[in-house]
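# What the coordinates show
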Amino acid sequence: MSTKNSIRRLTIRGFKSIQNLDKFNLNQLNVLIGANGAGKSNFVSYFRMLNEMVESRLQSWTRNQGSADRIVSFGIKETNKVESFVEFGLNGYRFALEPTVDGGFSFYEEKLFFQGVYFNEKWISLSSGHTEAKLKETFKAAKSGGVADYCYSSIANWKVFHFHDTSDTAGVKRLGSLHDN
């Protein structure tokens, strides 16, 4: 397996409350602090989606979220796709997801990126129109040390540590007795 790289820069458009986050710089350890409703949980949710997506579980994750309409910013009438570009090391992963009529997503585009020392940038298209990411399948078919190896190995290695659960199934959001004696 190749070297695993941490995220250097991140662009997200149209994901939940994140309408446009452009070339946001990240470090190896990032701590999110902010007011309620500022978008911290949605930022963390993006990484959960990314992990599910590269492991070919995007449609299942989307159904568990309620549908694509609940994932795109302000619903599908306002936002027609979720777009992202994650830069790490000399590599990157770009994707755009379009909502489908059945409440899922299809890939408008999925690309790998490599910025070489001896040549300019190189883009590798993984196609479009599919419903699950092709990154893992491309990684399995490619040679060790290639762009797909670096991209998949890096993304699959990223972990989310979310200490205060504010998800839809969190205890604070569940029904409880008003008269707790």
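For the structure, check the block above.
Note that the structure is predicted; figures quoted are calculated from it, not measured. (Residues numbered from 1 in each chain as written. Predicted model: local features only at pLDDT ≥ 70, side-chain atom pairs only at ≥ 80, totals over all residues. Heavy atoms only, no water.)

## Thoughts on the packing of aromatic side chains
On inspection of all chains with the given rule, the structure shows 11 aromatic pairs. Measuring from ring centre to ring centre gives 6.0 Å for F24 and F43, while their planes differ by 80 degrees; the resulting arrangement is edge-to-face. With F24 in strand 2 (residues 18-25) and F43 in helix 1 (residues 40-54), this residue pair connects regions lying 19 residues apart in the sequence. A residue is classified by how much of its surface remains accessible, and F24, at 34% relative accessible area, is partly exposed. (Phe/Tyr/Trp six-rings, centres within 6.5 Å; stacked < 30°, edge-to-face > 60°. Helix = DSSP H or I, 4+ residues; strand = E, 2+ residues; numbered from the N terminus. Buried < 20%, exposed > 50% of the residue type's maximum accessible area, 1.4 Å probe, protein only.)

## Regarding the layout of surface pockets
If you add up the space inside the second largest pocket, you get close to 180 Å³. Lining the second largest pocket are S17, I18, L21, F24, L32, A38, G39, K40 and F43. With three residues, strand 2 is the single largest residue contributor to the lining of the second largest pocket. Looking at the lining of the second largest pocket residue by residue, the class counts come to six nonpolar, two polar and one charged. (1 Å grid on protein atoms, 1.4 Å probe; cavity = no way out; pocket = protein on both sides within 12 Å on 5 of 7 lines; lining within 4 Å. Points joined across faces, edges and corners; volume = space filled by probe spheres on them. Nonpolar A, V, L, I, M, F, W, Y, C, P; charged D, E, K, R; others polar.)

## Side note on the pairing of strand 3 (residues 82-88)
With respect to burial, strand 3 is a largely interior element, six of its seven residues being buried. Sheet topology note: the strand 1 (residues 7-15)/strand 3 ladder contains six bridges and is antiparallel. Across the sheet, the residue bridging to T11 is F85, located in strand 3. Here strand 3 folds back onto strand 4 (residues 91-99) in antiparallel fashion, the turn holding two residues, of which G89 has a positive phi close to 55 degrees. (Pairing = 2+ DSSP bridges.)

## Points about helix 4 (residues 147-157)
Along helix 4, eight of the 11 residues are buried, which leaves the element largely enclosed by surrounding structure. Restricting attention to buried positions, one finds in helix 4 the residues V147, A148, D149, C151, Y152, S153, S154 and I155. In the core, the buried residues of helix 4 are packed alongside helix 1, strand 3, strand 4, strand 5 (105-115), strand 6 (121-125) and helix 3 (135-141). (Contact = heavy atoms within 4.5 Å.)

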